[in-house]
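Each chain, written out:
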Amino acid sequence: MTQKELDTRLEKVAAIYDAIGEGKRAKDARERIGKPAGKYFNLEGYERIADSYKKKNYIQKNIKLEPYEIQELSREQYWQIFQSSRKRKFDIHFFTKNELEIFETSRRIYNRLNQLKGIYGYSDQDLKWAKSALNQIPETMGRVGGGTERYYAKLYAKKKGYKRGSPEEVEKAKRYIETIFMEATKILEKTEPKRDALKLELRTDFYIEKGDYLRRGEEAQVIEIKKIAMRSGGNFGDEKYVSYRLHDLERLTTYEVEDRQEYWMINNYKRAEKITKAEFSKLKKAASEPLPEATQKDLLNKINTEIKNQNGDLVRLLLRDYFNKVVLREPKKVATYFELRYKIPYKKHRPCICPEDYDEQTLANFYNKLPDNIWNLIPKNLIAKPKKISSRKDYQADPEDKHLKNLVGPFVGKDTFQLSMMGVHFDEKGITATNARLLLFLPKIKEGKKGTYCMTSRCFKENQTAEITDRAFPNYLGVLPKLKTKYTTFLLDVHQQRTLIQTLDKNGFEGNIINYLYGKENYVAVHSKTILQPGLEAMAKLGYEKARLWIESPNKAMVLTAPEVTKKQLVEKSVPLMLLMPFYRGENWKEFQSVLKPGDVLYDLEKNELRFFGNEKPAVRFGGGEYDKERKLKLAKAKAAAQKQRIRILYIMNN
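Everything quoted here is computed from the prediction, not taken from an experiment. (Residues numbered from 1 in each chain as written. Predicted model: local features only at pLDDT ≥ 70, side-chain atom pairs only at ≥ 80, totals over all residues. Heavy atoms only, no water.)

Here we take up the overall build of the protein. Across its full length, the protein holds 23 helices and 20 strands. For the protein, the proportion of its 655 residues judged to be buried stands at 42%. Nonlocal contacts in the protein, meaning residues at least 24 apart in sequence, comprise 61% of its contacts between residues at least 6 apart. For the protein, the exposed surface amounts to about 37700 Å²; the carbon and sulfur share of it is 50%. (Helix = DSSP H or I, 4+ residues; strand = E, 2+ residues; numbered from the N terminus. Buried < 20%, exposed > 50% of the residue type's maximum accessible area, 1.4 Å probe, protein only. Contact = heavy atoms within 4.5 Å. Areas by Shrake-Rupley, 256 points an atom, 1.4 Å probe, with all protein chains shown as cover.)

Structure below.
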């Protein structure tokens, strides 16, 4: 660049500063005229600073510059920017759910900032600042360098102890995005017109606005318009968005729906009609009333007819209809629902009171309205009566022993890719069977019996020989209890726990997950049918009416043993024991509570009480409750008899 070209550009910079009243900066620019540029002098940066001062001055005075052409950034373009900010050692990029959420937030804010380019003449250099926003988030720190903001953000994240992927880090990232674009947001709020009171044309000369109620024909759903707003900078240009509240009169629930696009509303509600608030209140009141007895009778007759015809798919829909229209309004009739459900021949056609058939809000509404603990509303004939289990405690440490085969059967694996687990292992410690989720260890040994043997028909089919010689059995000793492990123990009544599990399964409760609670904020969840029940049945086969449950932590294997077993015996492996893998429900009490859904089974191990999440009625006294009641009755009778005897003796003495 010649000296003349340099002087010309400096004169323009000085003129800009003069025009906006920045005399000192204008003087500095003029002093550089006629002198060669210094080694570290950045003319482009110098000009950019001057342009920035001019832009801010014009914004303060509400003077608009000549608009630039607006070019929206597409998702694909922004995705490339996002990827470029996350260079790694490998060619494959992995994105966490949190990173994707931050990516979407940044793209929307970038497009809003891009809109400013057309209003105030922001230069492309200013937009580079927005493009690098993702580099300034703690979520992506450590993989890109440079930038004062990035440096301080990194220090801040380090000081606060944020770790990648933690909830704290995600919240920090969101707040940091908002801080980066605070200026742009404020400018938009000042310059864009208030558009909260907009109207939307659903069809020719038919407009809706905030506060309107819409209904399509005789549908059981009514929507209440909460907000209509205009959005700028999207891929489709300016567009109206509608937020509304959906009232489901059949299920007696209400849902908040945010930001439905204009074209979606027109396509789905162009035939809807307005109703007044008074009409809606009347509809809502009528919907909450019980169904007429005649209508209920017709529905019941139809269900029973389809059950006889074995029309499974239709009867499932009809029974769900009965739940929505009858049970939600008269919760006591859930007993009839259970009886009808049990009449359906095939289990796959039986609906359940669970998220598979009803949404979470419907379930919450149902459990909240129940007049009693739902266990007390199950018909007595549907309370399971577990079959008596034959004793197998005389088993022998022999692969041919029938009693042993019956004991180990539920514990062996079924995965053909893990052939060794399909067999039963014999060694100098004892007998072991496992499927990776359950493990049974029996401390009996027999001379000459070492190795892994097939003891089930499935294993023989896959292996063709009695002994599995070409597969190594898992190192089961590494997972058995250790001396340093700290356990909390509880006694379980085997028969009563089996009754609970089989009743839950019989009546279709969700997932058969039992959440055991103990202490103030301690828990462990277990899949009752596939994990807990085999363990309890094995204890019954070994001759035990009660079993001791050993709990280490929510996500570590539980241990099931005979009731009198000590920790020393447990560690020495001198007694039969079972390992049961828990069902994952978070790392701590807070996470556990956040994943609970209406109807989840909660069992207090200390109080032996059963309740259902969302049903806050008194808990049912379970394991041992009947025995305690009977014992108290006998004690009361004995006291009364003694009191009568004392009174009689005193009477004789006085006479």
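Let's shift gears to the sheet that holds strand S18 (residues 601-604). Pairing is mixed across the open sheet formed by 5 strands, whose spatial order is S14-S13-S18-S19-S20. Looking at the sheet topology across the chains shown, the edges are occupied by strand S14 (522-527) and strand S20 (615-621). Looking at each pair of strands side by side, their axes are set apart by 25° on average, direction ignored. Relative to strand S19 (residues 609-612), S18 is paired through 4 bridges, and the arrangement is antiparallel. For Asp 604, the partnering residue across the bridge sits in S19 and is Glu 609. Contacting strand S13 (513-518) and S14, helix H20 (residues 528-541) crosses the sheet at an angle of about 95° to S14. (Pairing = 2+ DSSP bridges. Axes fitted to C-alpha atoms, helices over the stretch in contact; angles between N-to-C directions.)

Judged by nonpolar contacts, the single largest core of 91 residues is most densely connected at Phe 366 and Tyr 516. Not counting residues within four places of it along the chain, the set of residues in contact with Phe 366 comprises Phe 323, Val 327, Leu 328, Val 334, Ile 353 and Ile 374. Grouped together as the second largest cluster of nonpolar side chains are 15 residues, Val 242, Tyr 244, Leu 246 and Met 265 included. (Core = buried A, V, L, I, M, F, W, Y, C linked by side-chain atoms within 4.5 Å.)

Turning next to the side chain of Thr 485. Locating Thr 485 in the fold gives a position in the loop between helix H18 (457-463) and strand S12 (488-493). Once residues lying within four places of it in the same chain are set aside, the contact partners of Thr 485 are Glu 552 and Lys 567.

Scanning the entire structure with this criterion turns up 19 aromatic pairs. Centre to centre, the rings of Tyr 523 and Phe 592 are 4.2 Å apart; their planes meet at 15°, and the pair counts as stacked. Residue Tyr 523 is found in strand S14, and its partner Phe 592 is found in helix H22 (residues 589-595); the two are separated by 69 residues along the sequence. Phe 592 matches Tyr 523 in its accessibility class, with the two residues each being buried. Taking 5.4 Å as the distance between ring centres and 40° as the angle between the ring planes, the aromatic pair formed by Trp 589 and Phe 592 counts as tilted. Taken together, the residues span about one helical turn, with Trp 589 and Phe 592 both in helix H22 at a distance of 3 residues. (Phe/Tyr/Trp six-rings, centres within 6.5 Å; stacked < 30°, edge-to-face > 60°.)

With that settled, consider the packing of helix H13 (residues 312-327) against helix H14 (residues 334-343). For the pair H13 and H14, the least separation of the axes is 10 Å and the interaxial angle reads 175°. Between H13 and H14, the crossing angle belongs to the class labelled roughly antiparallel. Facing H13, whose interface residues are Leu 319, Tyr 322, Phe 323 and Val 327, H14 presents Val 334, Thr 336, Tyr 337, Leu 340 and Arg 341. Residues that form the contact of H13 with H14 fall into these classes: 7 nonpolar, 1 polar and 1 charged. (Parallel < 35°, antiparallel > 145°, perpendicular 65-115°, else oblique. Nonpolar A, V, L, I, M, F, W, Y, C, P; charged D, E, K, R; others polar.)

The next subject is the pattern of salt bridges. Counted according to the given criterion, the structure contains 24 salt bridges. The salt bridge involving Arg 320 is made with Asp 357; its shortest N-O contact spans 3.7 Å. Of this pair, Arg 320 sits in helix H13 while Asp 357 sits in the loop between H14 and helix H15 (360-369), and the two are 37 residues apart along the sequence. Take Arg 320: its relative accessible area is 27%, and that puts it in the partly exposed class. (Salt bridge = Lys/Arg side-chain N within 4 Å of Asp/Glu carboxyl O.)

Once that is clear, we can look at the state of the cysteines. For the structure shown, the criterion picks out 2 disulfides. Put simply, Cys 352 and Cys 354 are joined by a disulfide, and their sulfur atoms are 1.8 Å apart. What makes Cys 352 buried here is its relative accessible area of 8%. Paired by a disulfide, Cys 454 and Cys 459 hold their sulfur atoms 2.0 Å apart. Note on the Cys 454 and Cys 459 pair: the S-S dihedral is about -60°, so by sign convention the disulfide is left-handed. Exposure remark for Cys 459: the relative accessible area of 0% places this residue in the buried category. Described in terms of the sequence order of its bonded cysteines, the disulfide pattern of the protein is 1-2, 3-4. (Disulfide = S-S within 2.5 Å.)

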